[in-house]
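Each chain is listed here by its residues.
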Amino acid sequence: METGIHTMSDLFDQLGLPSDEASMTTFIATHRTTAVNFTLPDVAVWTPAQAKFLREAIAADADWAIPAEQLSQALGCGLGVTKG
C-alpha cells in the first residue's frame, strides 16, 4: 500500500536509478554543473520517460513533487537562469 510520502531514495527508485546514499550523492555531484541552467525535467541526463514523469509529477503537485523539488535543489536547477 502506498502512503503518499516519498523520499529522495524512492524517487531514484522510481526513475530506475541506484538509490543508495552513495549513488545518489555521486549522481548529484556528477550532474550538478550541467543542471544549473535548466528546470529539473529539462536536465539532459533523463530519458524521455524519466523527464515526462518528473514534468507530470511537478505540474500535478503530486506526491512525487516534494522529492522532485529536493532533487532539483540538490542539483542547483535553475540557478544559472536569468530572469528578464
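Above this text is the structure in question.
For clarity, every value in this text was computed on a predicted model and none was experimentally measured.

### Concerning the packing of aromatic side chains
Then, number 1: Taken as a whole and judged by the stated rule, the model has 3 aromatic pairs.
Then, number 2: The rings of F12, F27 and W46 are connected pair by pair, giving a single aromatic cluster.

### Structural notes on the side chain of H6
Then, number 1: Mapped onto the fold, H6 is located in the segment before α1 (8-14).
Then, number 2: In this structure H6 comes out as buried when scored by relative accessible area, which is 12%.

### Details of the packing of helix α2 (residues 21-35) against helix α4 (residues 65-75)
Then, number 1: Closest axis-to-axis distance for the α2/α4 pair is 8 Å, and the angle between their directions is 75°. Between α2 and α4, the angle falls in the class roughly perpendicular. Of α4, the residues touching α2 (which contributes I28, H31, R32 and A35) are L71, Q73, A74 and L75.
Then, number 2: Looking at the contact of α2 with α4 residue by residue, the class counts come to 5 nonpolar, 2 polar and 1 charged.

### Points about the pattern of salt bridges
Then, number 1: Under the defined criterion, the tally for this structure stands at 2 salt bridges.
Then, number 2: A salt bridge links D42 to R55; its shortest N-O distance comes to 2.6 Å. Taken together, the positions of D42 in the loop between α2 and α3 (48-59) and R55 in helix α3 put the pair 13 residues apart, joining distant regions of the chain.
Then, number 3: Given a relative accessible area of 40%, D42 falls into the partly exposed group.
Then, number 4: Of the residues examined, R55 reaches a relative accessible area of 40% and is grouped as partly exposed.
Then, number 5: Two residues, K52 and E56, come together in a salt bridge whose shortest N-O distance is 3.2 Å.

What counts, and at which threshold
- Residues numbered from 1 in each chain as written.
- Predicted model: local features only at pLDDT ≥ 70, side-chain atom pairs only at ≥ 80, totals over all residues.
- Heavy atoms only, no water.
- Phe/Tyr/Trp six-rings, centres within 6.5 Å; stacked < 30°, edge-to-face > 60°.
- Helix = DSSP H or I, 4+ residues; strand = E, 2+ residues; numbered from the N terminus.
- Buried < 20%, exposed > 50% of the residue type's maximum accessible area, 1.4 Å probe, protein only.
- Axes fitted to C-alpha atoms, helices over the stretch in contact; angles between N-to-C directions.
- Parallel < 35°, antiparallel > 145°, perpendicular 65-115°, else oblique.
- Contact = heavy atoms within 4.5 Å.
- Nonpolar A, V, L, I, M, F, W, Y, C, P; charged D, E, K, R; others polar.
- Salt bridge = Lys/Arg side-chain N within 4 Å of Asp/Glu carboxyl O.

As far as function goes, none of this settles anything; it's purely spatial.
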